[in-house]
Amino acid sequence: MELNRRTVIAGAAAAGMAATALGGTAHATGGKAPVKSLFGKLADGTKIYSWSLANGGTRLKVLSYGGIVQSLEIPDRHGKYKNVSLGFDNIEDYVAKTPYFGALIGRYGNRIAKGQFSLDGKSYQLSVNDGVNSLHGGIKGFDKHVWDIEPFTKGSDVGLYLYYTSVDGEMGYPGTLKTKVTYTLTKHGDWRLDYEATTDKATVVNLTSHVYWNLAGEGSGSIYDHELKIAAARYTPVDSGLIPTGELAKVAGTPFDFRRTKTVGEDIRVANQQLLYGKGIDHNWALDKGITAKPEHVATLRDPSSGRTLKIATTEPGLQFYSGNFLDGTLVGPGGHIYRQGDALCLETQHFPDSPNQASFPSTVLRPGQTYRTTTVHTFGN
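Description of the structure in this document. These numbers were taken from a predicted model, which means no experiment stands behind them.

1. Looking at the overall build of the protein
The secondary structure content of the protein amounts to two helices and 29 strands. Here the C-alpha atoms of the protein give a radius of gyration of 19 Å, agreeing with the 21 Å that 2.2 N^0.38 yields for 382 residues. Taking all 382 residues of the protein together, 59% fall into the buried category. Contacts spanning at least 24 positions in sequence make up 67% of the contacts within the protein whose residues lie at least 6 apart. When the accessible area of the protein is evaluated, it comes to approximately 14,500 Å², of which 50% is carbon and sulfur surface.

Now the structure itself:
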């Protein structure tokens, strides 16, 4: 029996707040609509736009290419703003080099073993782009498409509606999938993501956001001193290809135990086979709360040096924690600094990796007549 996560998320994001365009260090005031500007052009001449939003002390810049969060600025304990997400300052690098910096991920976030699955007795072969496996939707996932964007102001919220239609057979997935993602900044400066999708054929869906966080500021160095807490007593161990074995293993007594707050680097060099497979942490936590109709708090990240904090609430049952293991010193951020291993981390709310091939995992099947809905909220503090 399929585990249903298609419940309607009641209500809108919290009301309130004024908005400004990005820039400077003052808090948001005024209530202005999001601001659109040209960011660059693709090789075929397609124009890529950036949208600048500000509300409640949070400043967000989003690209029409991949729905990418190009920057997200929040203040430290002294009111000083920094961009806390990794990225680039030009479209060429996003097209040629990006390891999913800030992007919307689909159709299927994370890995599917050998790029294969069966549904209703039919086998499907997906685009393979991670060794023999399919990762984040394949060679040209949602992160590499241009999204249609509409700005909105609703009460004291500001935000963007992002739309993309994935045709039947794209990257091997069945069904035409119509996707809508809503980015909202609330009066408290929360960044809320509401995902929706419908299909005309049975398919699998697992959408997420791939922001690389460094709360000390992008380009500032290692996140190993960041403090992290995750509300999960179990995680999904992987094989050498980073595909889940199907086990829901206890975190107790392992480097994966973040039930109490500890630094990211506290156990990351421990001789553990799972850490060797991932060259660090690149694993899914099975959240204690499971699937919920409304977002519930699941993780807290804090940078002691700046005082900046990030709290994550979600309706999803899983959280992929990736410690930036494959940042190799070949990428340069907008601040002019080289990104090296451990210079950021990702906390991707999701269903579990390889769920289409793991009958014991919560289902990611979406059928005609159903609406896929999930919500994740990022709350910032200092």
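2. Topic: the nonpolar core
By size, the foremost hydrophobic cluster in this structure holds 57 residues, and its most contacted members are Trp191, Trp213, Ile230, Trp285 and Phe321. Ignoring anything within four residues of it in the chain, the contact list for Trp213 reads Leu72, Val84, Trp191, Ile223, Leu301, Leu310, Ala344, Leu345, Leu347, His378 and Phe380. In terms of nonpolar packing, the next biggest core, distinct from the first, is built from 22 residues, Ile68, Tyr100, Tyr322 and Cys346 among them.

3. Description of the sheet that holds strand 4 (residues 69–75)
Read across the open sheet, the five strands follow the order 1-2-3-4-5; overall the sheet is antiparallel. The outermost strands of the open sheet, each flanked by one partner alone, are strand 1 (35–41) and strand 5 (81–83). When the angles between neighbouring strand axes are averaged without regard to direction, this sheet yields 20°. Here strand 3 (residues 58–63) runs beside strand 4; their pairing, made up of four bridges, is antiparallel. Within the sheet, the bridge partner assigned to Arg59 lies in strand 4 and is Glu73.

4. What about the sheet that holds strand 23 (residues 309–314)?
With antiparallel pairing, the nine strands of this open sheet are ordered in space as 11-12-13-14-29-23-22-17-20. Sheet topology places strand 11 (148–154) and strand 20 (262–263) at the edges, where each strand pairs with a single neighbour. Bridge count for strand 23 against strand 29 (residues 372–381) is six bridges, and the pairing is antiparallel. Of the residues in strand 29, the one forming a bridge with Lys311 is Thr379.

5. What about the packing of aromatic side chains?
Each aromatic ring pair is characterised by the separation of its centres together with the angle its planes make. The tally for this structure, following the rule as stated, stands at 22 aromatic pairs. Their ring planes at 35° and their centres at 6.5 Å tell us that Phe117 and Tyr173 sit as a pair that is tilted. Highlighted residues: Phe117 in strand 8 (residues 116–119) and Tyr173 in the loop between strand 12 (157–166) and strand 13 (177–185), separated in sequence by 56 residues. Of the residues examined, Tyr173 reaches a relative accessible area of 1% and is grouped as buried.

6. Things to note about the pattern of salt bridges
Inspection of every chain in the model, using the stated rule, returns twelve salt bridges. The partner of Glu73 in a salt bridge is Arg59, with the nearest N and O atoms 3.4 Å apart. Separated by 14 residues along the polypeptide, Glu73 in strand 4 and Arg59 in strand 3 bring together distant segments of the chain. Each of the two residues, Glu73 as well as Arg59, counts as buried. Asp93 is the salt-bridge partner of Lys97, the closest N and O atoms lying 3.3 Å from each other. Given a relative accessible area of 16%, Asp93 falls into the buried group. Connected through shared salt-bridge partners, Arg111, Asp130 and Asp282 make up one network.

Scoring rules and cut-offs
- Residues numbered from 1 in each chain as written.
- Predicted model: local features only at pLDDT ≥ 70, side-chain atom pairs only at ≥ 80, totals over all residues.
- Heavy atoms only, no water.
- Helix = DSSP H or I, 4+ residues; strand = E, 2+ residues; numbered from the N terminus.
- Rg over C-alpha atoms; globule rule 2.2 N^0.38 Å.
- Buried < 20%, exposed > 50% of the residue type's maximum accessible area, 1.4 Å probe, protein only.
- Contact = heavy atoms within 4.5 Å.
- Areas by Shrake-Rupley, 256 points an atom, 1.4 Å probe, with all protein chains shown as cover.
- Core = buried A, V, L, I, M, F, W, Y, C linked by side-chain atoms within 4.5 Å.
- Pairing = 2+ DSSP bridges.
- Axes fitted to C-alpha atoms, helices over the stretch in contact; angles between N-to-C directions.
- Phe/Tyr/Trp six-rings, centres within 6.5 Å; stacked < 30°, edge-to-face > 60°.
- Salt bridge = Lys/Arg side-chain N within 4 Å of Asp/Glu carboxyl O.

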